[in-house]
Amino acid sequence: MRKRLTTAVIVYFIYGVFIYLYLYFLTDNTIPSNYEGTAVDPKTFMNARELMLSEEYSKIKNLLFFIGIPLEWFIFFLVLTIGLSKKFQQWAQSASKLPVVQMALYFFWLSLLVTILTWPFDWLSYKISSDYQITTQPFNGWIRDQVMDFFINYVLMLIIVAVIYSLMRKFEKRWWFFAWLLSIPFTLFLMFLQPVVIDPLYNDFYPLKDKILEEKILDLAEQANIPADHVYEVDMSKKTNALNAYVTGIGPNSRIVLWDTTLTKLEEDEILFIMAHEMGHYVMKHIYVGIFGYVLLSFVGLYLIHRFMNIIVQRWSNELKVTNVSDLSSLPLFLMLLGMLSFAASPLTNTVSRVQEKKADLYAIELTENEEAAVETFQDLAKYGLSEVNPPSLVKFFRYDHPTLLERMLYLKEE
Ligand SMILES: [Zn+2]
């Protein structure tokens, strides 16, 4: 077992070195030479300091992203192989006879351990955002959000894994299918609650404060057939300098939300362009397309997890100290596979998302008929978020659910 662990550490290390070399030496994020000096060239809209900061910041963030992803898988692997998972299971079983209580206890210890082990990483990410003045949230507030994240995720994931493990005990071969069936109403319910129950725990949501601007946005919304009471502002300026707006919720809870940072930093016609883009998502029902895609993917994902778990537990039962797939102690394996499959699917989901984003951009241009405002918006998004205009391919492939800013500025010019 020692040998497997050593191999895992070495593989992780080599991967880290490769990612570092890739981001820092093998790729560069400058734009193609034929666009130099045009509106898409960051040199024309950022000063030297902003250029340097955005390059540094993007590289560090990308590095953290790629190094951080397998860290959790590694922790799950470690928890299994050193027998800690088995220990957690024994503690939970000695504390109660009820499977639900056992799961709640077991999952609490596991979640706590993973959170503590990955915390330095989260902190580093926060610290860097803070140093580059993207995050403006004080440490206390950040910790408060982290604690809340922990408990919200704990409760939601506990419901999911408790149901899945009780299905595993009852239906050895078909549990994944029943789990998938149940996941559909559960997902819809969460999407319905998100904007009114979960999001308000983190931030304040209210109608737009600037009434003159609100008037103009609602005019635009009317052209797009969107009910006026579905547009909100959120107080993100307490936490970040970055700009954003998004569409969330389903049915009567669907809404367009605008970060207040966007309102203070952008010109009026840029804000209108962003709102028109979000209206594009709203009108084209991209949320529902997303939910449908997610339901399809989870069908495949749950089936694969079922197959992989059977094979792995049969073959490495001793090493992983798991006798049955439905044992509590197999949960790290389940979560590890879930994480790996989600990561493997991310290029696909990102591609679908990028198509939707392009459609929303084109919709916004049609609605506002203001191409200049669109280009200026993208320039400001890059500037205030210290984002790279033309990221390396691997970064785009795994991280970009929006087209790159270079692509967005270019296709708007072509339309
Ligand atoms: Zn969008």
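Cut-offs used in this document
- Residues numbered from 1 in each chain as written.
- Predicted model: local features only at pLDDT ≥ 70, side-chain atom pairs only at ≥ 80, totals over all residues.
- Heavy atoms only, no water.
- Helix = DSSP H or I, 4+ residues; strand = E, 2+ residues; numbered from the N terminus.
- Rg over C-alpha atoms; globule rule 2.2 N^0.38 Å.
- Buried < 20%, exposed > 50% of the residue type's maximum accessible area, 1.4 Å probe, protein only.
- Contact = heavy atoms within 4.5 Å.
- Areas by Shrake-Rupley, 256 points an atom, 1.4 Å probe, with all protein chains shown as cover.
- Lys, Arg positive; Asp, Glu negative; His and termini not counted.
- Charge placed at Lys NZ, Arg CZ, Asp CG, Glu CD.
- Core = buried A, V, L, I, M, F, W, Y, C linked by side-chain atoms within 4.5 Å.
- Salt bridge = Lys/Arg side-chain N within 4 Å of Asp/Glu carboxyl O.

Some words on the overall build of the chain
- Across its full length, the chain holds 14 helices and 4 strands.
- Relative to a compact globule of 415 residues, whose C-alpha radius of gyration would be 22 Å, the chain shows 23 Å and is just as compact.
- When its C-alpha atoms are laid out on the principal axes, the chain stretches across 65 × 50 × 40 Å.
- Classification of the 415 residues of the chain by burial places 47% in the buried group.
- Relative to all contacts within the chain whose residues are 6 or more apart in sequence, the contacts with residues 24 or more apart total 78%.
- Carbon together with sulfur atoms contributes 63% to the accessible area of the chain, which is approximately 21200 Å² in total.
- The average position of the 35 basic charges and that of the 43 acidic charges among the side chains of the chain differ by 17 Å.

Remarks on the nonpolar core
- One finds Leu110, Trp175, Ile217, Met279, Leu331 and Phe334 to be the most contacted residues of the largest nonpolar core, which totals 97 residues.
- Look past the residues within four positions of Leu110 in its chain and what remains in contact with it is Phe76, Val79, Phe88, Leu331, Pro332 and Leu335.
- With 13 residues, the next largest nonpolar core counts Tyr232, Val234, Ala242 and Trp259 among its residues.

Focus on unusual backbone geometry
- Not every positive phi belongs to a glycine, and Asn225 is a case in point at roughly 65°.
- Looking at the secondary structure, you find Asn225 in the loop between helix H7 (211–223) and strand S2 (231–234).
- Residue Asn225 is classed as exposed on the basis of its relative accessible area, which comes to 69%.
- Residue Glu369 is not a glycine yet carries a positive backbone phi of 50°.
- Counting through the fold element by element, Glu369 comes out in the loop between helix H11 (331–368) and helix H12 (371–385).

What to know about the side chain of Asn203
- Within the secondary structure, Asn203 sits in the loop between helix H6 (175–202) and strand S1 (205–206).
- A residue is classified by how much of its surface remains accessible, and Asn203, at 13% relative accessible area, is buried.
- The contact partners of Asn203, leaving out residues within four places of it in the chain, are Val234, Asp235, Met236 and Lys239.

A word on the pattern of salt bridges
- Applying the stated criterion across every chain yields a total of 10 salt bridges.
- Residue Glu407 pairs with Lys396 through a salt bridge whose shortest N-O separation is 2.6 Å. Here the residue Glu407 occupies a position in helix H14 (residues 405–414), and Lys396 occupies one in helix H13 (residues 393–399), the gap between them amounting to 11 residues.
- What you see here is one network of salt bridges that share partners, running through Arg144, Asp145 and Lys239.

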